[in-house]
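Tertiary structure, described
Residue strings, one per chain:
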Amino acid sequence: MPTPLIQAVQADFQQRFGYAPLLVRAPGRVNLIGEHTDYNAGFVLPAAVDKEMSFAVGLNGTEKIRLVAHDLGEDFELANAAEISPSATHWANYLLGVAAQFQLRGHAVPGFDCVFAGTVPMGAGMSSSAAVECGLAFALNHFLGTNLDKMELARIAQLAEHTYAGVQCGIMDQFASLFGRDGHVVRLDCRSLDYEYFPFDTTACRIVLCNSGVKHSLASSAYNTRRQECERGVSVLQQHYPHIAALRDATLAQLEAHRDELGPTVFRRCAYVVQENTRVVEACRHLEAGDLAAFGKEMYASHAGLRDDYEVSCVELDVLVEAAQKVPGVFGSRMMGGGFGGCTINLVAPDKVEQFIASVNAAYQEKFDMKLETYQTTIVGGVGAVAV
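Residues numbered from 1 in each chain as written. Predicted model: local features only at pLDDT ≥ 70, side-chain atom pairs only at ≥ 80, totals over all residues. Heavy atoms only, no water.

As a reminder, the rule being used: UniProt positions are given in the numbering used here, feature names are shortened, and annotations may be inferred rather than shown by experiment.
An unreviewed UniProt entry lists the chain under the name Galactokinase, with Hymenobacter segetis as the source organism. Under the heading Sequence similarities (unreviewed entry), UniProt records this for the chain: "Belongs to the GHMP kinase family. GalK subfamily."

Side note on the pairing of strand S11 (residues 341–348)
What counts, and what does not: Categorising residues by exposure relies on relative accessible area from a 1.4 Å probe, with only protein chains included: less than 20% of the type maximum marks a residue as buried, more than 50% marks it as exposed, and the intermediate range marks it as partly exposed. Here a helix means four or more residues in a row that DSSP labels H or I, a strand means two or more in a row labelled E, and each is numbered from the N terminus. Paired strands, in this sense, are two strands between which DSSP finds at least two bridges.
Among the 8 residues in S11, 8 count as buried, and that is most of the element. Alignment of strand S10 (residues 330–336) against S11, held across 6 bridges, turns out to be antiparallel. Considered in S11, the bridge of Ser-333 is made with Asn-346. Here S10 folds back onto S11 in antiparallel fashion, the turn holding 4 residues, of which Gly-337 has a positive phi close to 105°.

Side note on the side chain of Asn-361
As a reminder of what qualifies: Think of a polar contact as two N or O atoms within 3.5 Å of one another; within protein, one of them needs to be a possible hydrogen donor and the other a possible acceptor, and neighboring residues in sequence only count if both atoms come from side chains.
You can see Asn-361 is positioned in helix H12 (residues 353–368). Separated by 3.0 Å, the side chain of Asn-361 and the backbone nitrogen of Leu-372 make a polar contact.

Regarding the UniProt feature "domain: Galactokinase N-terminal" (unreviewed entry) in the chain
Under the local residue numbering, the UniProt record ascribes the feature "domain: Galactokinase N-terminal" (unreviewed entry) to residues 12–58. Helix makes up 13% of residues 12–58 and strand 53%, with an end-to-end C-alpha separation of 13 Å.

Things to note about the UniProt feature "domain: GHMP kinase C-terminal" (unreviewed entry) in the chain
With numbering matched to this structure, UniProt assigns "domain: GHMP kinase C-terminal" (unreviewed entry) to residues 287–364. Secondary structure across residues 287–364 divides into 54% helix and 19% strand, with the first and last C-alpha atoms of the span separated by 30 Å.

Section: the packing of helix H9 (residues 264–288) against helix H10 (residues 292–308)
Relative placement of two packed helices is described by the angle separating their axes and the distance separating the axes. So the rule is basically this: The axes are straight lines fitted to the C-alpha atoms, using for helices just the contacting stretch, and the angles between their N-to-C directions are given from 0 to 180°. Angle categories: roughly parallel below 35 degrees, roughly antiparallel above 145, roughly perpendicular from 65 to 115, and oblique for all the rest. The sense of a crossing depends on the near helix, which, turned anticlockwise from the far helix by less than a right angle, makes the crossing left-handed and, turned clockwise, makes it right-handed. Contact definition: two residues touch when any of their heavy atoms are within 4.5 Å. Three residue categories are used. Nonpolar comprises Ala, Val, Leu, Ile, Met, Phe, Trp, Tyr, Cys and Pro, charged comprises Asp, Glu, Lys and Arg, and polar comprises the others, including Gly.
At a minimum axis separation of 9 Å, H9 and H10 run at an interaxial angle of 170°. The orientation of H9 relative to H10 falls into the category roughly antiparallel. Where H9 crosses over H10, the two elements pack in a sense that is left-handed. Counted together, Arg-268, Tyr-272, Glu-276, Arg-279, Glu-282, Ala-283, His-286 and Leu-287 of H9 and Leu-292, Ala-294, Phe-295, Glu-298, Ala-301, Ser-302, Gly-305, Leu-306 and Asp-308 of H10 form the full contact between these two elements. A class-by-class count of the residues in the contact of H9 with H10 yields 8 nonpolar, 3 polar and 6 charged.

Pasting the structure below:
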């Protein structure tokens, strides 16, 4: 059954362009555990969620590309689809970059129309941009008959973000949007791109996101610094263990043996990554056993490592996690994403969600005099067409 949003997008499309479109939904994502492990060739554990981007797309029989951001009430037009280049209209670049990637693979892109809108909160770390890219990539793959598999579509979407949006992201966000499975999280090996699904019982537990509403300016510079610190750790370890190509290959014992050589800061950064990779593997084992309490302990440990060893948390996120720990029925809580702001992700018993939201909101308002935005999400399948 089409959602009200996809019906609105469909109606807007037909009113503007006068023909019936293909309807597509592309979900945002959460990452339950496995933070800053992706660029260290490690593991992540994302899931597609029911905050989604909705699309109406069709070939228009001309050379024009016509794009409509339904939520913004803005549109963009390119006279010739064969001459795609980055635009001053920021949001259009996420879509133009996808079309350009098809062209770079030798697929001629004809004129097309696209109306899109979404319920993925902007700036909340739920990957609205990846959902936009993946939704159009799915539609163009359908219309062009290119038969690209989902992993190739994820690469197309990732490269669109690199080249047209200017964000050097990993592949997790696009992967999660395309590979999501209803009622499952998916563990991705960021080195081999092998993946495995694990059941997640949403009747026993709700995923609630708490948006701190802040984004500190440290975020981008600190991200680059952390990557460099990890690379420094690998270069030191390689002198003693030539097989270590990334922190994924290192052990805590190896780090301890060369603690002085690494120095205190690089040691802590590397120790966090090595431990976080282990936590992802253990968390999956707990899911298979149906042990949400044990899974939650891994989340709390993840947050402590991000706060103390990787030093990418902030006081707002720490207050949210501390407040969550005091509420009955909360299995686990941690910051989600790059850090220095954004959301915490919380696993909460269904009958305790209202109490959780009220308690955490009260604690946040008392500390910062800010109202807290919260989102309840359920796990859904990945990008797909919507039947009318």
